[in-house]
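Listed here are the chains, written in short residue letters.
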Amino acid sequence: MVSNTTQENTNKEVRLPYQEQPNQHITLFAEPIFYSENFIVTNALLTSWVAVFIIAVLAFALRFKFREIPGKIQNLFEIIIDGALSMCDQVTGNRALSVKIFPIAISVFFFILINNWLGLLPLGGFGIVEEGEHGLTFVPFLRGGTADINTTLALAVMSVLGANIFGIFSIGAWKTFNKYVNLKILGEIFTKIRHEPTVVIVAPITFFVGLIEVVGEFAKIASLSFRLFGNVFAGEVLLVSMAALVAYIVPIPFMFLEILVGVIQALIFSILTVVYFTIGASDHDHEDEHTHTEQVATA
Amino acid sequence: MDSIISTFHIDWKIIIAQAVNFGIVFAVLYVFALKPLGKFMEERGKKIEAGINNAEKSNELLQKATEEYNQNTIKLKQISVNAHNELQRDLERLRADHVAKIKADNDEWVKKRTEQMAIDKKVLVEEAKSEITSLATLMVEKLIKDKTELKDL
């Protein structure tokens, strides 16, 4: 389904599809589909809306299928949830903490998974043809939501920011703040200098490490967002390349590969989210005390 | 930084839109799927736990009851054996008593009957004797009478 519809090209010469074959290439960024005042609706955003709709419909459908004695669908969902919770337990090592983090992690997982898989659907063959710098360009309606850096960036920011907010609620604002700007350790210079003179060297180093942690938080955002974007985008490039080389049969194994990659990437992102939340909720002072107590006990 | 933004078309509006999308997904999943399912699973877990506890208690009770039953069975067997022996002894004693009593009754009855038969025999003999005497008297009378009548003729 190809149609000539763009807002900007109304005054330009209209070329019919049979006059020129549109270029089919993948851009690093999501292409705009339509504009709503100052807001650009890209194909990745459109895919995300579809993903939200699908998840919402599935959640509604599941809600009314829940029974004390589970049916097939509920059983499957329970197996997924139970497995995911066990995996969460392996990361946190604490069921109570896992139960708190789990809803966010599983939401991240499903949101990314559906977005990844939607990009693989043949519905991507539906789109519009736009007049671009290199002639007519085909813009698909659906582009994997996670194949747009804006989506992965939003998720990464929420993950890292959420982990810190979770840390504030779990261990308190002061302790969370001291993870980055360790004023407490600077204060210990004056209190511990008599008993431990080495604190004069250790404390500034620890303080500096705390500052590096701030940089680390931005690194987390960058690594999370670019890893997911890179993998999904590379997958789409691979599929388009294969389809361009041999249109039939050959891309099928790569489609399966991308289905798998979609699951793995969603899993990695959600596990990392759990890890960041666990780190956010961990109290270094308490851990140090615990380690010290263990050392004393061992001695 | 600007080059990254322009290369990847990073747009804060789309970032916010995607964050909102994720927020909706989280809310919907939490309210309609995770929370109710968690509730169901927790209730079921509690029921299973209670069931297991009950089963353990029932098993303990069963074991106790079995032990009690076995002990009671042994006791009852002993009691029944004792009772059986006692009863057998009582029965033998009773039988002996009865036999002795019956024998004594029988002997007495035989004695009584023998005595009665002796009395009856004596009475019968006496009666027979008197009967014979009266018959003899009648015969003599009749003979005398007949001889007298013949003489008259």
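Residues numbered from 1 in each chain as written. Chains lettered and ligands numbered in written order. Predicted model: local features only at pLDDT ≥ 70, side-chain atom pairs only at ≥ 80, totals over all residues. Heavy atoms only, no water.

What to know about the overall build of chain B
Then, number 1: Helix and strand counts for chain B come out as 2 helices and 0 strands.
Then, number 2: Relative to the compact-globule value of 15 Å for 153 residues, chain B shows a C-alpha radius of gyration of 61 Å, a clear excess of over 25%.
Then, number 3: Expressed along its principal axes, the backbone C-alpha trace of chain B runs to roughly 200 × 45 × 15 Å.
Then, number 4: When the 153 residues of chain B are sorted by exposure, 10% land in the buried category.
Then, number 5: Counting only carbon and sulfur atoms, one obtains 63% of the accessible surface of chain B, whose full area is about 13,000 Å².
Then, number 6: Treating the 25 positive side-chain charges of chain B as one cloud and the 25 negative ones as another, the clouds have centres 1 Å apart. (Helix = DSSP H or I, 4+ residues; strand = E, 2+ residues; numbered from the N terminus. Rg over C-alpha atoms; globule rule 2.2 N^0.38 Å. Buried < 20%, exposed > 50% of the residue type's maximum accessible area, 1.4 Å probe, protein only. Areas by Shrake-Rupley, 256 points an atom, 1.4 Å probe, with all protein chains shown as cover. Lys, Arg positive; Asp, Glu negative; His and termini not counted. Charge placed at Lys NZ, Arg CZ, Asp CG, Glu CD.)

Observations regarding the overall build of chain A
Then, number 1: Helix and strand counts for chain A come out as 9 helices and 4 strands.
Then, number 2: Beginning at the N terminus, the succession of helices and strands in chain A can be written as β-β-α-α-α-β-β-α-α-α-α-α-α.
Then, number 3: Counting all 299 residues of chain A, 42% fall into the buried class.
Then, number 4: Pairs at least 24 residues apart make up 71% of the contacts formed inside chain A by residues separated by at least 6 positions. (Contact = heavy atoms within 4.5 Å.)

Digging into the UniProt feature "coiled-coil region" (unreviewed entry) in chain B
Then, number 1: In this numbering, the UniProt entry assigns the feature "coiled-coil region" (unreviewed entry) to residues 48-97 of chain B.
Then, number 2: With 100% helix and 0% strand, residues 48-97 of chain B has end C-alpha atoms that lie 69 Å from one another. (UniProt positions renumbered as here; feature names shortened; annotations may be inferred.)

Brief notes about the UniProt feature "transmembrane region" (unreviewed entry) in chain B
Then, number 1: Here, the residues flagged by UniProt with the feature "transmembrane region" (unreviewed entry) are residues 12-34 of chain B.
Then, number 2: Within the segment residues 12-34 of chain B, helix and strand shares are 100% and 0% respectively, and the terminal C-alpha atoms sit 30 Å apart.

Regarding unusual backbone geometry
All names here are of chain A.
Then, number 1: Positive phi, close to 65 degrees, is recorded for Ile249, a residue that is not glycine.
Then, number 2: Within the secondary structure, Ile249 sits in the loop between α7 (199-245) and α8 (251-281).
Then, number 3: Residue Ile249 is classed as exposed on the basis of its relative accessible area, which comes to 66%.

Brief notes about empty space enclosed by the protein
Residues and elements named next belong to chain A.
Then, number 1: All told, the structure shown has 2 cavities of 30 Å³ or more when counted by the stated rule.
Then, number 2: Volume-wise, the largest cavity comes out at about 70 Å³.
Then, number 3: Forming the walls of the largest cavity are Asn116, Gly119, Leu120, Val232, Glu236, Glu258, Val261, Gly262 and Gln265.
Then, number 4: Within the residue set of the lining of the largest cavity, elements represented by two or more residues are α7 and α8.
Then, number 5: If one sorts the elements of the lining of the largest cavity by residue count, α8 sits on top with 4 residues. (1 Å grid on protein atoms, 1.4 Å probe; cavity = no way out; pocket = protein on both sides within 12 Å on 5 of 7 lines; lining within 4 Å. Points joined across faces, edges and corners; volume = space filled by probe spheres on them.)

Section: the interface of chain B and chain A
Then, number 1: At the junction of the two partners, chain B supplies 28 residues and chain A supplies 43 residues.
Then, number 2: In total, about 3,400 Å² of surface goes out of reach between chain B and chain A, with carbon and sulfur atoms giving 77% of it.
Then, number 3: Ranking the residues of chain B by area buried against chain A places Phe8, Gln18 and Phe22 of chain B at the top, with a combined share of 19%.
Then, number 4: The interface formed by chain B and chain A holds 1 salt bridge in total.
Then, number 5: The closest approach of N and O atoms between Arg44 of chain B and Glu78 of chain A, which form a salt bridge, is 2.8 Å.
Then, number 6: Counting the contacts that link chain B with chain A gives 5 residue pairs in polar contact (both at pLDDT 80 or more).
Then, number 7: In terms of residue class, the side of chain B that touches chain A is built from 20 nonpolar, 4 polar and 4 charged. (Buried area = accessible area lost by both parts, 1.4 Å probe. Salt bridge = Lys/Arg side-chain N within 4 Å of Asp/Glu carboxyl O. Polar contact = N/O pair within 3.5 Å; in protein donor to acceptor, adjacent residues only side chain to side chain. Nonpolar A, V, L, I, M, F, W, Y, C, P; charged D, E, K, R; others polar.)

Focus: the packing of helix α3 (residues 95-118) of chain A against helix α4 (residues 149-171) of chain A
Residue and element names in this part refer to chain A.
Then, number 1: At a minimum axis distance of 12 Å, the contact between α3 and α4 shows a crossing angle of 175 degrees. The angle between α3 and α4 falls in the class roughly antiparallel. In this structure, α3 uses Leu97, Lys100, Ile101, Phe111 and Ile112 to contact α4, whose residues at the interface are Thr151, Leu155 and Phe166. (Axes fitted to C-alpha atoms, helices over the stretch in contact; angles between N-to-C directions. Parallel < 35°, antiparallel > 145°, perpendicular 65-115°, else oblique.)

Re the UniProt feature "transmembrane region" (unreviewed entry) in chain A
Residues and elements named next belong to chain A.
Then, number 1: With numbering matched to this structure, UniProt assigns "transmembrane region" (unreviewed entry) to residues 39-62, 104-129, 149-177, 198-216, 228-250 and 257-279.
Then, number 2: Annotated as 83% helix and 17% strand, the span residues 39-62 places its first and last C-alpha atoms 34 Å apart.
Then, number 3: A helix fraction of 95% and a strand fraction of 0% characterise residues 198-216, whose end C-alpha atoms lie 26 Å from each other.

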